[in-house]
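Report on the structure
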Amino acid sequence: MQAATLHQRLSATQFLVGIVAVAGSYFLVFELNEWVFSATKVSDHISWVFLPAAIRMLAVMLLGWAGVAGLYLGSLAQLDDMLGIDPARALWIAALSSVPCLLAARLVQRVLRVQADLAGMTGRHLLVFGLAGGLANSGAHTLYFMLEADSLRPLAGFLPMFVGDTLGTLIVLYIGALVLNRLMPRGG
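Because the structure is predicted, anything quoted here is derived from the model rather than measured. (Residues numbered from 1 in each chain as written. Predicted model: local features only at pLDDT ≥ 70, side-chain atom pairs only at ≥ 80, totals over all residues. Heavy atoms only, no water.)

Re unusual backbone geometry
At Arg-113, a position not held by glycine, the phi torsion is positive, near 55 degrees. Positionally, Arg-113 belongs in the loop between helix 6 (99-111) and helix 7 (123-149). (Helix = DSSP H or I, 4+ residues; strand = E, 2+ residues; numbered from the N terminus.)

Written out as structure tokens, the structure reads:
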């Protein structure tokens, strides 16, 4: 029998705290990314380095649907101008910034047979999770914009979004892994 995932063991309070923490983290890391990587910015929501993509992957890997809900709210907070002008579009884009990442994470977890508690993850696993998250997000957004605009112009955003999401995720995941290895050395 497969071990329960972390998000399945959350109480209602933990679930709600997780949502708020993820929403706040996503919003703050988005603002940090805007400041630190402003030179890599392609458009308002596309950058060649996009650290908030790591929040997406970590949130869904650790919290499941609580992570998705937090990402959705954090994305809406970043889309506040659009929310007032075109609420339907803002709601769709927020959904595209959250749900596909969960699907990608679960698929990778299953294919690579990563344990539910994420124990034993390797650098290769981190790379695959980063690539899958970048592909899921950029693919979902590109498809949406192609259907919305009924043109191939949105394809121009696919590459920088994919690269930015993947690099952002990998930077944060690898730094996190290095920190954890330093804090909890193996062996004796």
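Read on for the rest.
Remarks on the confidence of the model for the protein
Mean pLDDT over the protein: 86, with 90% of residues reaching 70 or higher. The secondary structure element of the protein with the lowest average pLDDT is strand 1 (residues 41-43), at 84, and the one with the highest is helix 3 (residues 65-78), at 96. Below pLDDT 50 for its whole length, residues 1-5 participates in five contacts with residues either more than four positions away or in separate chains. (pLDDT = per-residue confidence, 0-100. Contact = heavy atoms within 4.5 Å.)

Observations regarding the packing of helix 3 against helix 5 (residues 87-96)
Following both chains from N to C, one finds helix 3 and helix 5 inclined at 135 degrees, their axes separated by 8 Å at the closest point. With respect to each other, helix 3 and helix 5 are oriented oblique. Here the hand of the crossing between helix 3 and helix 5 comes out right-handed. Counting all contacts with helix 3, which are made through Tyr-72, Ser-75 and Leu-76, the residues of helix 5 involved are Ala-90, Leu-91, Ala-94 and Ala-95. (Axes fitted to C-alpha atoms, helices over the stretch in contact; angles between N-to-C directions. Parallel < 35°, antiparallel > 145°, perpendicular 65-115°, else oblique. Left-handed = near helix turned anticlockwise from the far one by under 90°.)

Describing the packing of aromatic side chains
Applying the stated criterion to the full structure yields four aromatic pairs. With a centroid separation of 6.3 Å and 45 degrees between ring planes, the pair formed by Tyr-26 and Phe-30 is classed as tilted. Within this pair, Tyr-26 and its partner Phe-30 are both found in helix 1 (residues 12-36), separated by four residues, close to a single helical turn. Comparing Tyr-26 with Phe-30, the two get one shared label, buried. Each ring, one from Tyr-144 and one from Phe-145, has its centre 5.2 Å from the other, and the planes form 70 degrees; the classification is edge-to-face. For Phe-145, a relative accessible area of 22% gives the class partly exposed. Counting every residue linked through ring pairs, the aromatic cluster contains Tyr-26, Phe-30 and Phe-50. (Phe/Tyr/Trp six-rings, centres within 6.5 Å; stacked < 30°, edge-to-face > 60°. Buried < 20%, exposed > 50% of the residue type's maximum accessible area, 1.4 Å probe, protein only.)

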